[in-house]
Amino acid sequence: MKIRIEFYYKGEVIDHRDYNQIAIIPLIGDRIYIEFSNPSNNELGKWWFVKERRILFFSIDAPILQQTIMLEIEADARNGA
């Protein structure tokens, strides 16, 4: 199974992670730390809150079963403090 976690900020994907095994999926309200693959996004901060969570399940007939988790995040004004 392939799992993709997408991080959305103000309605746009700002980063994603791909996993080949079950990953810990943050819940709404969780505070998370992200080191972005695009270093310029680190200017937005590294600590975030999960505001919304959507899970997409794709066809079981696909060659590789895929699940996408869409996380809408909001910057932590305290930046993890």
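All of these numbers come straight from a predicted model, not from anything done at the bench.

Student: Looking at this structure, how should I read the side chain of Glu72?
Tutor: Mapped onto the secondary structure, Glu72 falls in strand 5 (residues 66-75). For the buried Glu72, which has no salt bridge, the nearest side chain bearing the opposite charge is Lys51, at an N-O separation of 4.9 Å. Polar side-chain contacts of Glu72 include one of 3.2 Å to the backbone nitrogen of Lys10.

Student: Would you mind going over the packing of aromatic side chains with me for this structure?
Tutor: Aromatic ring pairs are reported here in terms of the distance separating the ring centres and the angle at which the planes meet. Scanning the model with the defined rule gives three aromatic pairs in all. For the pair Tyr9 and Trp48, a centre-to-centre distance of 5.2 Å together with 75 degrees between the ring planes defines the contact as edge-to-face. Note that Tyr9 is positioned in strand 1 (residues 2-9) and Trp48 in strand 4 (residues 47-57), a separation of 39 residues in sequence. Classification of Trp48 by relative accessible area gives buried; the value is 0%. Judged by centre distance (5.9 Å) and plane angle (90 degrees), the rings of Phe36 and Trp48 are edge-to-face. Placement of Phe36 in the loop between strand 3 (31-33) and strand 4 and of Trp48 in strand 4 is noted, with a sequence separation of twelve residues between them. Residues Phe36 and Trp48 agree in their burial class; the two are buried. By way of ring pairs, the aromatic residues Tyr9, Phe36 and Trp48 are connected into one cluster.

Student: Would you mind showing me how to read the nonpolar core here?
Tutor: Within soluble globular proteins, side chains that are nonpolar generally end up buried alongside one another. Among the nonpolar cores identified, the biggest contains 13 residues, and Ile5, Phe7, Ile32, Ile34, Trp48, Leu71 and Ile73 are the most heavily contacted of them. The set of elements that each furnish at least two residues to this core consists of strand 1, strand 4 and strand 5.

Rules of the game
- Residues numbered from 1 in each chain as written.
- Predicted model: local features only at pLDDT ≥ 70, side-chain atom pairs only at ≥ 80, totals over all residues.
- Heavy atoms only, no water.
- Helix = DSSP H or I, 4+ residues; strand = E, 2+ residues; numbered from the N terminus.
- Buried < 20%, exposed > 50% of the residue type's maximum accessible area, 1.4 Å probe, protein only.
- Lys, Arg positive; Asp, Glu negative; His and termini not counted.
- Salt bridge = Lys/Arg side-chain N within 4 Å of Asp/Glu carboxyl O.
- Polar contact = N/O pair within 3.5 Å; in protein donor to acceptor, adjacent residues only side chain to side chain.
- Phe/Tyr/Trp six-rings, centres within 6.5 Å; stacked < 30°, edge-to-face > 60°.
- Core = buried A, V, L, I, M, F, W, Y, C linked by side-chain atoms within 4.5 Å.

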